[in-house]
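# Overview (structure and organization)
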Amino acid sequence: MALPPNMVVPGLNLDDTEGLPDVEIPIDEPMQFPEGAEVIEQDDGSAIIQAMSMADQMPQEELIPFDANLSEFLDDGTLGELSTELRGLYQDDLESRSEWEEAYVKGLDLLGIRTEERTTPFEGASGITHPMISESVTQFQAQAYKELLPSGGPVRTNIVGIKDQMREEQATRVKDFMNYQITEVMEEYDPDMDQMLFYLPLSGSTFKKVYFDQTKQRAVAKFIPAQDLVVPYSASDLATASRVTHVLRMDINDVKKMQYAGMYRDVDLSTSQDNEEDPVRQKVNELEGLSKNYTDDVLTVLEFHAELDLEGFEDVDMTTGEPTGIKLPYIVTLDESSGQILSIRRNYEMSDPLKRKRQYFVHYKFMPGLGFYGFGLIHMIGGLGRAATSLLRQLIDAGTLANLPAGFKARGVRVRNDDEPLQPGEWRDIDAPGGSIRDAIVPLPYKEPSATLASMLGGLVQDGRRFVALADQQIGDMSQEMPVGTTVAVIERGMKVMSAIHKRLHYAQKTEFRLLSRIFAENLPPMYPYEVAGAPSQVMAQDFDGRIDVLPVSDPNIFSMAQRVTLAQTQLQLAQSNPQMHNLHAAYRRMYQALEVQNIEEILPPQPQPQPQDPAVENAGMIGGKTPQAFPQQDHDAHIESHLSLLELSILQQTPPVLAALFSHVFQHISLKARMIVQMEAQQMQMQSQQDMAQMQALAQAGAIDPMVAQQRMAQMQMQGAPQIAPDQIEARVAQVEQQLLQEIMPRLTYKGADGQEQDPLVNIRMQELAIKQMETQQKRN
């Protein structure tokens, strides 16, 4: 082809071609360039061939790291449209729960934190609030806080699958590390859990957010009040919600730290914040006595966990390469005031072909509600609280009016210093124009506080308290003499409501710990910060591999110490009623554990375990009335010989218990010896199999057998493995060996009497028992 004047060819300087004639120069096709080429057509019919780099040929989404902030690669127009759309959806979600917020705000007044100043029906009327709600909230918070966050740490572990020593050591390391992180490193966990358990019975729903904080460089489990987590109207749970919005209030300096760390986009932040707060936060500040009279440097940041179809990052069919239109999970963070998007990040695993969204939030529920949010005490017994408050105020106002009565007086009656109240023992002058003073002053007929109202108030309070505190009240009324069946029935009746609430908390905390375990596995360094037992400290990355299930320490069926002690006491009563069938030591230990006694071994020493003894000591023990125990590692032949030597003592023939213990112990040694012989036979079979393989390999190396044939036979032997003996076959073989050993020993279980004849000691014992009974019968007749 002819080289046009403006043709660009690598290695050719076009300035040197001026004045040269057209020549035929062969060039590569554009697609044959090492990194490809782009053909740019010109107006005069020529074309410019421009070499391309591999980076220019790759799609945009393949150039961007998976965990990058995608807002850095989107134009301002796309970001503006996305911000407008998300903020509109957020406002719609807020309006859909406006009635929930209104009910919650009204219910917070039932706590009685602030005394209401009332002027009706008279100045100074009582504004007190009955403490039914606040008492129930405090009682629940105290119980749940102690159960969900014990002093030793809230995490325990369970091994999934086969249990062996290696996995047990791994489970111990995981448990110790997570408890160490929660109680020592994660400094916000304890106070946040304490505060969350106070909010929970009020609002009915609270949340925890589990994530890795880039600025703190550690895992965080942050408490989120219900008003700061907004979901769509149609949401039923966090897992299936199409959109979850977390309302963050961040200091501007913290946002700048996130920008400096590369987590947020470097944009100008607006400091002109709207001072209007949500109704719930306003009520909380009012109850706390706080008021915002200045503008602080706090930004309201909205973090959307939503499914989006971003332009340039669409979901693509792997076969056709075309967009599917399926929305993918992202986390979008924006400043509510300015609308600036700070970050957009993928919210799914890079290796997940289904692109399922990752969960960061945990929903704690007090009572299951009719929708997404749960019900709390405000919803369940708020009516009782309002009624109790009304009756209490009426009783106080009636007492106030009865003690300080008012009334009418005649116009002509004048009392000196009538604006000052009368003091006890004081007599004050009065000017009466005539007639009786009693007729001139008429007090209003105020009554004393009504006994009916007082009784009604007591009934309402009892009904309200029974909703939460029934179990402890019933357990406290029980006595030790109460039958076991009655005790269990009372506990069952009293634990229904609180047990169900505690199970919900247990489930939510289990979800939280699993999210926390995932954060540890993904972000923490592969070394323990302290020395661990059973392995080097570098095994941390391997320990969080999913084989160990992380669970809360709390028991979902027990929610109070009173219930735990009562159950342990009931178990102890059952064990004491029939000690032959129970382990009293274990029953007493459970009782001490329920009482949370430390160093139980000092009070209740562990039971001594039997230890191997020499034959002479065992013989002495049998003569003293003890039955020794045989052990596998003992020399069974020596022990049997030593014990059989006792049969030569004629005095033993008059002590049947000693002979019974001796025979029982000898039979134990025979059983253990037979089992040891069978195990040795199985080991010999395995060794013979290994020797056969070694012999086959040696013959192949020596050329006595075709190497291919030898290899096939050895492969077949390896597939078959060592000969395996079924358990029933082992037991059958043990029985055969025991029969052989008994045949050898049975002749020695007899002794020679005074006449030199062999006698069966058991028959002799029976004859002596009959003689003793005959003598006792003769004595009774005499």
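Right, let's walk through the structure included here. What you see is a predicted model, and the numbers here were worked out from it, not measured in a lab.

Next up on the list: the overall build of the protein chain. The secondary structure content of the protein chain amounts to 24 helices and 18 strands. Counting every position in the protein chain, which comprises 782 residues, the buried fraction comes to 37%. A separation of at least 24 residues holds for 68% of the contacts in the protein chain among residues at least 6 apart in sequence. A total accessible area of about 46,500 Å² is found for the protein chain, and carbon and sulfur atoms account for 52% of it.

For the rest of this paragraph, the subject is the environment of lysine 510. Along the chain, lysine 510 turns up in helix α14 (residues 484–523). The spacing of lysine 510 and valine 155 is 355 residues in sequence and 9.0 Å in space, taken between C-alpha atoms. What lysine 510 contacts, discounting residues up to four positions off in sequence, is Val550, Leu551 and Pro552.

Here the focus is helix α11 (residues 382–403). Helix length check: α11 (22 residues) gives 32 Å between terminal C-alpha atoms against 32 Å at 1.5 Å per residue, within 8%. Within α11, burial applies to Gly382, Gly385, Ala388, Thr389, Leu391, Leu392, Arg393, Leu395, Asp397 and Gly399.

A word on helix α7 (residues 189–203). Owing to its 3.6 residues per turn, the α-helix brings residues three or four apart onto one side. The end-to-end C-alpha separation of α7 is 20 Å, in line with the 21 Å expected for 15 residues at 1.5 Å each. Burial in α7 covers these residues: Tyr189, Asp192, Met193, Met196, Leu197, Tyr199, Leu200, Pro201, Leu202 and Ser203. Glycine 204 lies just past α7 and shows a positive phi near 90 degrees.

Contact geometry for helix α16 (residues 561–577) and helix α17 (residues 584–594): axes closest at 9 Å, N-to-C directions at 165 degrees. The angle between α16 and α17 falls in the class roughly antiparallel. In this structure, the crossing between α16 and α17 has a hand that is left-handed. Taken together, the residues of α17 that come into contact with α16 (itself represented by Met561, Arg564, Val565, Ala568, Gln569, Gln571, Leu572, Ala575 and Gln576) are Leu584, Ala587, Tyr588, Arg590, Met591 and Ala594. Grouping the constituent residues of the contact of α16 with α17 by class yields 10 nonpolar, three polar and two charged.

Before going further, it helps to examine the side chain of glutamate 512. Mapped onto the elements of the fold, glutamate 512 is located in helix α14. For glutamate 512, a relative accessible area of 0% translates into the label buried. A polar atom in the side chain of glutamate 512 sits 3.0 Å from the side chain of lysine 208. Those residues within four positions of glutamate 512 in sequence are excluded, and the remaining contacts are Tyr189, Met193, Lys208, Val210, Ala221, Val362 and Tyr364.

Moving on, we get to the sheet that holds strand β5 (residues 218–224). The strands that make up a sheet are held in pairs by hydrogen bonds between backbone atoms, and each pair lies either parallel or antiparallel. If you trace the three strands from one edge of the open sheet to the other, you get β5-β4-β11, paired in antiparallel fashion. Only two strands of the sheet have a single partner each, and these edge strands are β5 and β11 (361–365). When strand polarity is set aside, the average angle formed by the axes of neighbouring strands in this sheet is 20 degrees. In this sheet, β11 lies alongside strand β4 (residues 205–213) in antiparallel orientation, the contact comprising five bridges. Residue pairing in the sheet places phenylalanine 207 in a bridge with histidine 363 of β11. Lying over the sheet, α7 contacts β4, β5 and β11, oriented at roughly 155 degrees with respect to β4.

Attention now goes to the pairing of strand β7 (residues 243–251). In terms of residue burial, β7 counts as a mostly covered element, since seven of its nine residues are buried. Bridge analysis of strand β6 (residues 229–230) against β7 gives two bridges, and the strand direction is antiparallel. Counted as the bridge partner of leucine 229 is histidine 246 from β7. Direction of pairing for β7 relative to strand β8 (residues 298–308): antiparallel, over a ladder of nine bridges. Along β8, the bridge assignment pairs arginine 243 with alanine 306.

Turning to the sheet that holds strand β10 (residues 341–346), a few remarks are in order. If you walk across this open sheet you meet the five strands as β6-β7-β8-β9-β10, and the pairing is antiparallel. Each of the sheet's edge strands pairs with one partner strand only, and the pair in question is β6 and β10. Packing of helix α8 (residues 252–260) onto the sheet brings it into contact with β7, β8 and β10, and relative to β7 it is tilted by some 110 degrees.

Turning our attention to the pairing of strand β16 (residues 548–552). Across the five residues of β16, five count as buried, placing the element largely inside the fold. Sheet analysis places strand β3 (residues 155–159) next to β16, joined by five bridges and oriented antiparallel. Bridge assignment links isoleucine 159 to a residue of β16, and that residue is isoleucine 548.

Another point: the pattern of salt bridges. Across all of its chains, the model carries 21 salt bridges by this definition. Among the salt bridges present, the one from aspartate 352 reaches arginine 356, with a minimum N-O distance of 3.1 Å. A salt bridge links glutamate 601 to arginine 589; its shortest N-O distance comes to 3.0 Å. In this pair, glutamate 601 is assigned in helix α18 (residues 600–603) and arginine 589 in helix α17, connecting sequence segments 12 residues apart. Judged by its relative accessible area of 26%, arginine 589 is partly exposed. Each of the salt bridges in this network shares a partner with another, and the network as a whole consists of Asp228, Arg249 and Arg281.

Okay, the packing of helix α5 (residues 132–148) against α7 next. As a packed pair, α5 and α7 sit with axes 9 Å apart at the nearest point and diverge in direction by 140 degrees. One element, α5, and the other, α7, form an angle in the oblique class. Seen from above, α5 lies across α7 with right-handed handedness. In this structure, α5 uses Ile133, Val137, Phe140, Gln141, Ala144, Tyr145 and Leu148 to contact α7, whose residues at the interface are Asp190, Asp194, Leu197, Phe198, Leu200, Pro201 and Leu202. In terms of residue class, the contact of α5 with α7 is built from 11 nonpolar, one polar and two charged.

The rules we used
- Starting from 1, residues in each chain are numbered consecutively following that chain's sequence as written.
- Reporting of local features is limited, given that this is a predicted model, to residues whose pLDDT is at least 70; pairs of side-chain atoms are given and counted only at 80 or more, and all residues count toward the totals for whole chains, interfaces and linings.
- Heavy atoms throughout the structure, all of them, feed into the side-chain values; hydrogens and water do not.
- Helix and strand assignments follow DSSP, with helices taken as H or I runs no shorter than four residues and strands as E runs no shorter than two, numbered in order from the N terminus.
- The rule is simple: take the accessible area with a 1.4 Å probe, protein chains only, and divide by the maximum for that residue type; under 20% is buried, over 50% is exposed, in between is partly exposed.
- Whether two residues touch is decided by their heavy atoms; if any such pair falls within 4.5 Å, the residues are in contact.
- Note on areas: these come from Shrake-Rupley sampling with a 1.4 Å probe, and a residue is covered only by the protein chains present in the view.
- How far a helix is expected to stretch is found by multiplying one less than its residue total by 1.5 Å.
- Lines are fitted to the C-alpha atoms to define the axes, a helix being fitted only along its stretch in contact, and any angle between axes, read from their N-to-C directions, falls within 0 to 180 degrees.
- Just so you know how the angles are binned, under 35 degrees is roughly parallel, over 145 roughly antiparallel, 65 to 115 roughly perpendicular, and the rest oblique.
- Each crossing gets its hand from how the near helix is turned against the far one by less than a right angle, where anticlockwise is left-handed and clockwise is right-handed.
- Three classes are used: nonpolar for Ala, Val, Leu, Ile, Met, Phe, Trp, Tyr, Cys and Pro, charged for Asp, Glu, Lys and Arg, and polar for all others, with Gly counted as polar.
- Counted as a polar contact is a pair of N or O atoms within 3.5 Å, where, for protein atoms, one must be capable of donating a hydrogen and the other of accepting one, and residues adjacent in sequence contribute only when both atoms are in side chains.
- Paired strands are those between which DSSP finds at least two bridges.
- Put simply, a salt bridge is a Lys or Arg side-chain nitrogen that is within 4 Å of an Asp or Glu carboxyl oxygen.

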